[in-house]
Amino acid sequence: LYGSARRYQFKNMGQGDNLGDKTLYAAGVKLGFGAFLDDNLLLEVETHPGVFTDADGPLKHQDFDYPSFAVATMRVTPDLFLKAGVRYNQVFHDAPWLPILGISWDITGNSAAAGGEADLGGWRLDVLLPEHAEVSYWPSGSTGWLLGVEITGAEYHVRTSASTNRQQDNLQVQEVTAYLGLVERLSDNFSFTARVGAPLAGQYDLTT
């Protein structure tokens, strides 16, 4: 399951400023599977059906969306993995369907950065275009420090409650966020991740 809320203040919108401050909600379920096609090739497919709404009225079909992706990961060497696939979402307003290209690279080439038992430090690079890039330092196989940038967003169905006949609009949100994070692997089956960050830039389109 997933859920999120974004709070926005609208000012100087014109036409009587009839769009009040908004909290935009996203909630749904993540469904998917992964399968090894051979020893060096992994296929992953996911879909995230859910609602993207301001919750100011009954849900309509415009409130629902289904961000999805399919990506194949190929192991080229023990330290280098290449990724390719396709994804659908509303992060980029004019391009909901885009290819996925990525790389996961254990730069220092030791087992600690890849999650092994060595005590040596290791650097790792993870890029998944067009939305994510991250470099991480692993002082041990169980602890990793993260520094990254990602582009997030969605299209939300909103109601301008103060306007005549409750006009309905689509509000598309796109934000570029930088973050610092920590991963702690407590066991082979359980890990903890924490991140803190700030938006560097944003684009917001309100269309009727």
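In this text, all values refer to a predicted model and were calculated from it rather than measured experimentally.

Peer 1: Is there a simple way to explain the overall build of the protein in this structure?
Peer 2: In terms of regular secondary structure, the protein is built from zero helices and 14 strands. Along its sequence from the N terminus, the protein presents helices and strands in the succession β-β-β-β-β-β-β-β-β-β-β-β-β-β. For the protein, buried positions account for 32% of its 208 residues. Partitioning the intrachain contacts of the protein with sequence separation of at least 6 by distance along the chain shows that 45% fall at a separation of at least 24. As presented, the protein carries roughly 12,100 Å² of accessible surface, and 59% of it is formed by carbon and sulfur atoms.

Peer 1: Please explain the nonpolar core as it appears in this structure.
Peer 2: If you look at soluble globular proteins, the nonpolar side chains tend to sit buried side by side. Grouped together as the largest cluster of nonpolar side chains are 11 residues: Tyr 2, Tyr 8, Phe 10, Leu 24, Ala 26, Phe 52, Ala 154, Tyr 156, Val 158, Leu 171 and Val 173. Elements with a minimum of two residues in this core: strand 1 (2-8), strand 2 (22-28), strand 12 (143-160) and strand 13 (167-187). In this structure Tyr 8 touches Asp 21, Lys 22, Leu 24, Val 173, Glu 175 and Tyr 204, once residues within four positions along its chain are discounted.

Peer 1: Even after reading the chapter, I still don't get the packing of aromatic side chains, so can you show me in this structure?
Peer 2: Two measures describe an aromatic ring pair: the distance that separates the ring centres and the angle between the ring planes. All told, the structure shown has five aromatic pairs when counted by the stated rule. The interplanar angle of 65° and the centroid separation of 6.0 Å between the aromatic rings of Phe 52 and Tyr 156 together place this pair among those described as edge-to-face. Here Phe 52, found in strand 5 (residues 50-53), pairs with Tyr 156, found in strand 12; they are 104 residues apart in sequence, far enough to count as distant. Taken as a pair, Phe 52 and Tyr 156 share a single burial class, namely buried. Relative to Tyr 137, the ring of Trp 123 lies with its centre 4.9 Å away and its plane at 45°, an arrangement referred to as tilted.

Peer 1: What is the right way to look at the side chain of Gln 174 in this model?
Peer 2: Along the chain, Gln 174 turns up in strand 13. According to the relative accessible area criterion, Gln 174 is buried, its value standing at 17%. A distance of 3.0 Å separates the side chain of Gln 174 from the backbone oxygen of Val 91, its partner in a polar contact. Beyond its immediate sequence surroundings of up to four residues, Gln 174 is in contact with Val 91, Phe 92, Ile 151, Thr 152, Gly 153, Ala 201, Gly 202 and Gln 203.

Peer 1: Would you explain the pattern of salt bridges in this entry?
Peer 2: All told, the structure shown has eight salt bridges when counted by the stated rule. Where Asp 63 meets Arg 159, a salt bridge forms, and the shortest distance between an N and an O atom there is 3.0 Å. Taken together, the positions of Asp 63 in the loop between strand 5 and strand 6 (64-65) and Arg 159 in strand 12 put the pair 96 residues apart, joining distant regions of the chain. A residue is classified by how much of its surface remains accessible, and Asp 63, at 1% relative accessible area, is buried. Among the salt bridges present, the one from Glu 131 reaches Arg 87, with a minimum N-O distance of 2.8 Å. In this pair, Glu 131 sits in the loop between strand 10 (122-129) and strand 11 (132-140) while Arg 87 sits in strand 8 (residues 80-88), placing the two residues 44 residues apart along the sequence. Note on accessibility: Glu 131 and Arg 87 belong to one class, buried. Salt bridges linked by common partners bring Lys 22, Asp 54, Asp 56, Asp 63 and Arg 159 together as one network.

Peer 1: Would you mind going over a nonpolar patch on the surface with me for this structure?
Peer 2: Where nonpolar side chains cluster on the molecular surface, the patch consists of Trp 105, Ile 107, Trp 123, Tyr 137 and Trp 145 and spans about 510 Å² of accessible area. Within the secondary structure, Ile 107 sits in the loop between strand 9 (97-106) and strand 10.

Peer 1: Sorry if this is basic, but what is going on with the pairing of strand 7 (residues 68-77) here?
Peer 2: One face of the sheet, then the other: side chains in a regular strand alternate in exactly this way. As paired elements, strand 4 (residues 41-47) and strand 7 share seven bridges and run antiparallel to each other. Bridging across to strand 7, Thr 47 finds its partner in Ser 68. Of the strand pairs in this sheet, strand 7 and strand 8 are connected by nine bridges, and their pairing is antiparallel. For Thr 73, the partnering residue across the bridge sits in strand 8 and is Lys 83. If you look at the hairpin formed by strand 7 and strand 8, you'll find two residues sitting between the two strands.

Conventions adopted
- Residues numbered from 1 in each chain as written.
- Predicted model: local features only at pLDDT ≥ 70, side-chain atom pairs only at ≥ 80, totals over all residues.
- Heavy atoms only, no water.
- Helix = DSSP H or I, 4+ residues; strand = E, 2+ residues; numbered from the N terminus.
- Buried < 20%, exposed > 50% of the residue type's maximum accessible area, 1.4 Å probe, protein only.
- Contact = heavy atoms within 4.5 Å.
- Areas by Shrake-Rupley, 256 points an atom, 1.4 Å probe, with all protein chains shown as cover.
- Core = buried A, V, L, I, M, F, W, Y, C linked by side-chain atoms within 4.5 Å.
- Phe/Tyr/Trp six-rings, centres within 6.5 Å; stacked < 30°, edge-to-face > 60°.
- Polar contact = N/O pair within 3.5 Å; in protein donor to acceptor, adjacent residues only side chain to side chain.
- Salt bridge = Lys/Arg side-chain N within 4 Å of Asp/Glu carboxyl O.
- Patch = residues over 30% accessible without salt bridge, like charges linked within 9 Å, V, L, I, M, F, W, Y side chains within 5 Å.
- Pairing = 2+ DSSP bridges.

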